Amino acid sequence: MARTVVIGAGMGAMAAAARLAVAGHRVTVYERARTHGGAVRRLEREGFGFDTGPGLLYLPAVWRDLFVKTGREPLEECVTLTEVDPAVRHVFADGTSVLLPGGSRAGTVDALDTALGAGAGERWSELLSRGRRAWEATRRPLLEEPLTDAGDRARLDADPYPAPRRGLLRRRAPFLSEIARAELRDPRLVALLESHALAHGLDPRRAPASAAVLPYLEQTFGAWYVGGGMRALADAVYQRCLARGVEFRFGTAVSRITVEGGRAAGVELADGSRVAADTVVCGIDPRPMYGGRASAADGGPGYAAGRLTVLLALRGARPGGTVHRTVVHTAGPGGTARTVTVLRPGDPALVPGAECESAVLSVAVPPHRAGAAGPSSGGAGAGSEDGGAVDWTAPGAAERAADEALAAADTAGLGLGGRVLWREVRTPADTERETGAPGGAVPAPALAGADGAFLRAANSTGTAGLYRVGGSAHPGGGLAHTGMSGALAAGLIVEGDDWRGSR
Ligand SMILES: Cc1cc2nc3c(=O)[nH]c(=O)nc-3n(C[C@H](O)[C@H](O)[C@H](O)COP(=O)(O)OP(=O)(O)OC[C@H]3O[C@@H](n4cnc5c(N)ncnc54)[C@H](O)[C@@H]3O)c2cc1C
């Protein structure tokens, strides 16, 4: 029986572990924390519950597939999945707001026409059609196939977004903010498109136009909530791993991957002991394992942002008609676009009683580096100009940024500030402490274009028997993408390095 060691119990790692166990591997997961799930955690206090990591799931098919391939009970029998509908309310900087329905293109067109004026819906719809073409052109290599050699990467260098090339843009592919301005011609529609990049920590001024696949995917496949909070998904995946015989060693950090004769031979643990293995699956950024420097800025322009989250325990019942997700558009540092996402799930499992509400604000922010400058006012934007880090442990830094996020939400009319019983503020420094991700960065999904700058490291490595999964590996971050990284690495291990993905 092949012995497989998996480093970390994050979502990508557990997805690989369950699949490999089903394929007959003896799988042991070494996790330095006391629990599974990585970034997918829950904070419980005084009867309130909060997702401290992801609050919504996109492309649930990835996790449905894992449950189908690894056992009898489908995902829906293990967790309660509900499509968020209405999908989102956007409140723009000029005070206009629009409520977008879930999964209905026609409904979206109508809502945009009503809120922003005739023609707005059609312009949005046409842009998303081009997003669909970009998606169809790159879906397999970008999400469903392993990225194994230079040839694979070259296929994704060019931006598949079919932007008309005019003026300056004849010479180079446009950025997302450029197609937004050229094709949408309304600052609120521009903000709507850019918000999809900002939500993933991408700067729309630097992200390739192919980032238009992000709103296309959300509109087509929906945004989903897991009953009881997203942690329930991590619990279900963990239970599935246990049911398939995966062993977990918690509180056990891996300090090094051992390589013998050019092949991964196992791992060395923090206590100096060694574990031999035929295959090693690395569910974390592997550079520190080789003594390599791993800073949040190392991974390219799509890699650097982290998240500031403000967990709000609110007095008073959730008002009738409250929507699950509100995106508030404000200005960040230097007038850059900034969004504050407000999640108000209305899930009785997250409150001590009906006279309370649990809400989470989140903002993409620069990653953490101890000793760097604290964030400037408005520093809760989508990353600083140079993509540099800030020190989120500097006195008052986190609280100031939380105040700004809450003020933005209240300016948009959410009325949360006056209802706060207590709050907890979490920054990239917390993410770094809990997951080990350098700077607490949350990698975005991989994107095609920009000469491959937004791709991640391949799942196979130059070392035989060593594979990468998780947000720092292909196809990038986000729950669905990390789930795919597990599927792709398991496929390569079971079928061999020539495997080109499931057909
Ligand atoms: C605040 C926040 C909000 C987010 N919102 C969303 C969202 O709404 N939707 C969405 O899809 N995604 C979202 N994400 C991203 C999503 O959570 C991640 O992409 C995904 O969970 C990362 O999984 P991973 O497999 O890379 O593992 P990670 O979560 O990075 O976990 C890595 C694990 O490895 C362990 N580890 C680290 N070093 C070692 C070592 N040396 N030895 C042993 N174990 C080690 C860590 O303790 C950790 O458990 C969010 C993330 C954050 C932080």
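As shown above, the structure is provided for reference.
It should be emphasised that the depicted structure is a prediction, and the values quoted were computed from it without experimental measurement.

*Asks:* It is not clear to me how the overall build of the protein chain should be interpreted in this structure. Could you clarify?
*Replies:* Counting its secondary structure elements, the protein chain contains 13 helices and 20 strands. Against the globule reference of 23 Å for 503 residues, the protein chain gives a C-alpha radius of gyration of 22 Å, in line with a compact fold. Overall, the protein chain is about 65 × 55 × 50 Å in size when its C-alpha atoms are taken along their principal axes. Every one of the 503 residues in the protein chain was classed for burial, and the buried ones make up 59%. For the protein chain, the share of sequence-separated contacts (at least 6 apart) that also reach a separation of at least 24 residues comes to 66%. Counting every atom, the protein chain has about 19,300 Å² of accessible surface; 50% of that belongs to carbon and sulfur. A distance of 2 Å separates the average location of the 56 positive side-chain charges in the protein chain from that of its 54 negative side-chain charges.

*Asks:* Can you walk me through unusual backbone geometry in this structure?
*Replies:* The omega torsion of the bond from D85 to P86 falls at 0°, within 30 degrees of zero and hence cis. For P86, the position within the fold is in the loop between β6 (81-83) and β7 (88-91). For the peptide bond that leads from H474 to P475, omega is 0°, which places it in the cis range. Along the chain, P475 falls in the loop between β20 (466-468) and α13 (479-495). The phi angle at E46 is positive, at roughly 50°, despite the residue not being glycine. If you trace the backbone, E46 turns up in the loop between β3 (42-45) and β4 (48-51). Take E46: its relative accessible area is 54%, and that puts it in the exposed class.

*Asks:* Help me understand the site of the ligand, please; the structure alone is not making it clear to me.
*Replies:* In the vicinity of the ligand lie 32 residues, with E31, A39, G471, G478 and L479 positioned nearest. For the ligand, an oxygen atom lies 3.4 Å from a polar atom in the backbone of M11. The separation between an oxygen atom of the ligand and a polar main-chain atom of E434 is 3.4 Å. Its free accessible area being 1,000 Å², the ligand has 89% of it covered by the protein chains. Counting residues per element, the ones that place at least two in the shell around the ligand are α1 (11-22), β2 (26-31), α12 (428-435) and α13. Broken down by element, the shell around the ligand gets its largest block of residues, three residues, from α12. Here the residues of the shell around the ligand are counted per class, giving 13 nonpolar, 15 polar and four charged. Residue assignment places the shell around the ligand across two domains, with domain 1 (3-82 + 228-286 + 461-495) and domain 3 (304-440) each supplying three or more.

*Asks:* Just to check I follow, could you spell out helix α5 (residues 120-144) for this structure?
*Replies:* For an α-helix, 3.6 residues make a turn, and residues three or four places apart therefore share a direction. The terminal C-alpha atoms of α5 lie 33 Å apart, and with 25 residues this matches the ideal 36 Å at 1.5 Å per residue to within 8%. The largest bend in α5 is about 65°, located at T138, with the proline P141 one to four residues further on.

*Asks:* Would you mind showing me how to read the pattern of salt bridges here?
*Replies:* When charged atoms on two side chains of opposite charge get close, those side chains can pair. With the rule as written, the count across this model stands at 32 salt bridges. Its salt-bridge partner being D65, residue K69 comes within 2.7 Å of it at the nearest N-O pair. In this pair, K69 and D65 both sit in helix α2 (residues 61-70), four residues apart, roughly one turn of the helix. Of the charged contacts, one joins R419 and E357 as a salt bridge, the two residues approaching to 3.1 Å between their closest N and O atoms.

*Asks:* Help me understand the nonpolar core, please; the structure alone is not making it clear to me.
*Replies:* Within soluble globular proteins, side chains that are nonpolar generally end up buried alongside one another. If you look at the biggest cluster of nonpolar residues, it comprises 87 residues, and the most contacted ones within it are M11, W63, L112, I179 and L233. Two domains share this core, each providing at least three of its residues, namely domain 1 (3-82 + 228-286 + 461-495) and domain 2 (85-221). Every residue in contact with I179, bar those within four places of it in the chain, is listed here: L127, Y161, A163, P174, L184, L193, A209 and A212.

*Asks:* Mind showing me how you'd approach the sheet that holds strand β13 (residues 274-276) here?
*Replies:* Two orientations exist for strands paired in a sheet by backbone hydrogen bonds: parallel and antiparallel. One open sheet holds the three strands; their spatial order is β11-β12-β13, and the pairing between them is antiparallel. Strand pairing shows two members of the sheet lacking a second neighbour, β11 (254-260) and β13, which therefore form its edges. On average, each strand axis in the sheet is inclined to that of its neighbour by 30°, with strand direction left out of account. Sheet topology note: the strand β12 (residues 263-269)/β13 ladder contains three bridges and is antiparallel. Looking at the pairing, G266 lines up with A276 of β13.

*Asks:* Mind showing me how you'd approach the side chain of S485 here?
*Replies:* With respect to the helices and strands, S485 occurs in helix α13. Note on S485: relative accessible area 0%, which makes it buried. Every residue in contact with S485, bar those within four places of it in the chain, is listed here: G12, N459, V469, G470, H474 and P475.

*Asks:* Looking at this model, I keep getting lost on the sheet that holds strand β16 (residues 325-331). Mind explaining?
*Replies:* Taken in spatial order, the seven strands line up as β8-β7-β16-β17-β18-β15-β19 in an open sheet, and their pairing is mixed. Only two strands of the sheet have a single neighbouring strand rather than two, namely β8 (97-100) and β19 (420-426). With strand direction ignored, the average angle separating the axes of adjacent strands in the sheet is 20°. Where β7 lies against β8, four bridges are found, and the strand directions are antiparallel. In the sheet register, H90 faces β8, and the bridge partner there is V98. Seen against the sheet, α12 touches β15 (306-315), β18 (356-365) and β19 and runs at an angle of roughly 65° to β19.

Calculation rules
- Residues numbered from 1 in each chain as written.
- Predicted model: local features only at pLDDT ≥ 70, side-chain atom pairs only at ≥ 80, totals over all residues.
- Heavy atoms only, no water.
- Helix = DSSP H or I, 4+ residues; strand = E, 2+ residues; numbered from the N terminus.
- Rg over C-alpha atoms; globule rule 2.2 N^0.38 Å.
- Buried < 20%, exposed > 50% of the residue type's maximum accessible area, 1.4 Å probe, protein only.
- Contact = heavy atoms within 4.5 Å.
- Areas by Shrake-Rupley, 256 points an atom, 1.4 Å probe, with all protein chains shown as cover.
- Lys, Arg positive; Asp, Glu negative; His and termini not counted.
- Charge placed at Lys NZ, Arg CZ, Asp CG, Glu CD.
- Near = heavy atom within 4 Å.
- Polar contact = N/O pair within 3.5 Å; in protein donor to acceptor, adjacent residues only side chain to side chain.
- Nonpolar A, V, L, I, M, F, W, Y, C, P; charged D, E, K, R; others polar.
- Domains from an automatic or database assignment.
- Expected span 1.5 Å × (residues − 1).
- Bend = angle between axes of the 7 residues up to and from the residue.
- Salt bridge = Lys/Arg side-chain N within 4 Å of Asp/Glu carboxyl O.
- Core = buried A, V, L, I, M, F, W, Y, C linked by side-chain atoms within 4.5 Å.
- Pairing = 2+ DSSP bridges.
- Axes fitted to C-alpha atoms, helices over the stretch in contact; angles between N-to-C directions.

Geometric values such as these leave the question of function open.
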